[in-house]
Amino acid sequence: MRLTKFTDLALRVTMRLAVTKPGATLTTRQVAEAMEIPYTHTAKAIARLQHLGVVEARRGRGGGLGLTAFGRSASLGWLVRELEGEEEVVTCEGDTPCPLRAACRLRGALRGAQQAFYAALDPLTVKDLVTPPTGPVLLGLSLR
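The present account deals with the structure reproduced in this document. (Residues numbered from 1 in each chain as written. Predicted model: local features only at pLDDT ≥ 70, side-chain atom pairs only at ≥ 80, totals over all residues. Heavy atoms only, no water.)

Now for helix H1 (residues 5–18). With 14 residues, H1 should cover 20 Å at 1.5 Å per step; its first-to-last C-alpha distance of 20 Å lies within 8% of that length. The buried fraction of H1 amounts to 10 of the 14 residues, a majority that puts the element mostly inside the structure. Looking only at H1, the buried set comprises Thr7, Leu9, Ala10, Leu11, Val13, Thr14, Met15, Arg16, Leu17 and Ala18. (Helix = DSSP H or I, 4+ residues; strand = E, 2+ residues; numbered from the N terminus. Expected span 1.5 Å × (residues − 1). Buried < 20%, exposed > 50% of the residue type's maximum accessible area, 1.4 Å probe, protein only.)

Shown next as structure tokens:
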């Protein structure tokens with residue numbers, strides 16, 4: 001299974017925010033530059049993460065971005081499902097329906113593989129993703 005670039009970007013943004021010291025905040029621009037992601041893409045990912053309750057954004061002086069307690073402990077499987085959507089790996093209907101759709105075993109096999117993929121992610125949290133050696137590397141990324 002392949003994740004969308006948006007999901008990949010949102011996960012990397014979440015990981016960067018997860019290693020920010022308690023009480024400290026970063027701006028969207030700082031995160032975008034440190035992660036080498038275009039600002040507009042970063043802003044869209046942050047907006048989605050904020051909508052999910054994973055990221056808190058405060059405006060004004062002393063504002064910035066921070067990972068919520070929920071964001072630190074949320075299941076990685078849940079987060080990827082929310083970012084990716086619940087679509088199946090293959091589409092058997094549509095403009096050109098597959099002629100095998102009535103008797104195909106591929107769709108079921110791929111659905112099982114997708115469920116196994118998420119099941120492998122379910123026990124993990126963002127906190128798990130930023131343990132060494134990843135956390136120190138994230139902290140070492142240049143913040144301008």
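What follows continues from the structure just given.
Right, let's talk about the nonpolar core for a bit. Core analysis: the largest hydrophobic core is formed by 29 residues, its most contacted members being Val13, Leu17, Val55 and Leu79. For this core, the secondary structure elements donating two or more residues are H1, helix H2 (28–35), helix H3 (39–51), strand S2 (64–67), helix H5 (76–84) and helix H6 (106–121). Looking at this core, the element that brings in the most residues is H1, giving seven residues. Not counting chain neighbours up to four residues away, the residues in contact with Val13 comprise Val31, Ile37, Thr42, Ile46 and Leu49. (Core = buried A, V, L, I, M, F, W, Y, C linked by side-chain atoms within 4.5 Å. Contact = heavy atoms within 4.5 Å.)

Applying the stated rule across the entire model yields three salt bridges. One salt bridge connects Arg12 with Asp8, and the closest N-O pair in it is separated by 3.4 Å. In this pair, Arg12 and Asp8 both sit in helix H1, four residues apart, roughly one turn of the helix. Residues Arg81 and Asp122 are paired through a salt bridge, measuring 2.7 Å at the closest nitrogen-oxygen approach. On the criterion of sequence distance, the pair formed by Arg81 in helix H5 and Asp122 in the loop between H6 and helix H7 (126–129) is long-range, its members being 41 residues apart. (Salt bridge = Lys/Arg side-chain N within 4 Å of Asp/Glu carboxyl O.)

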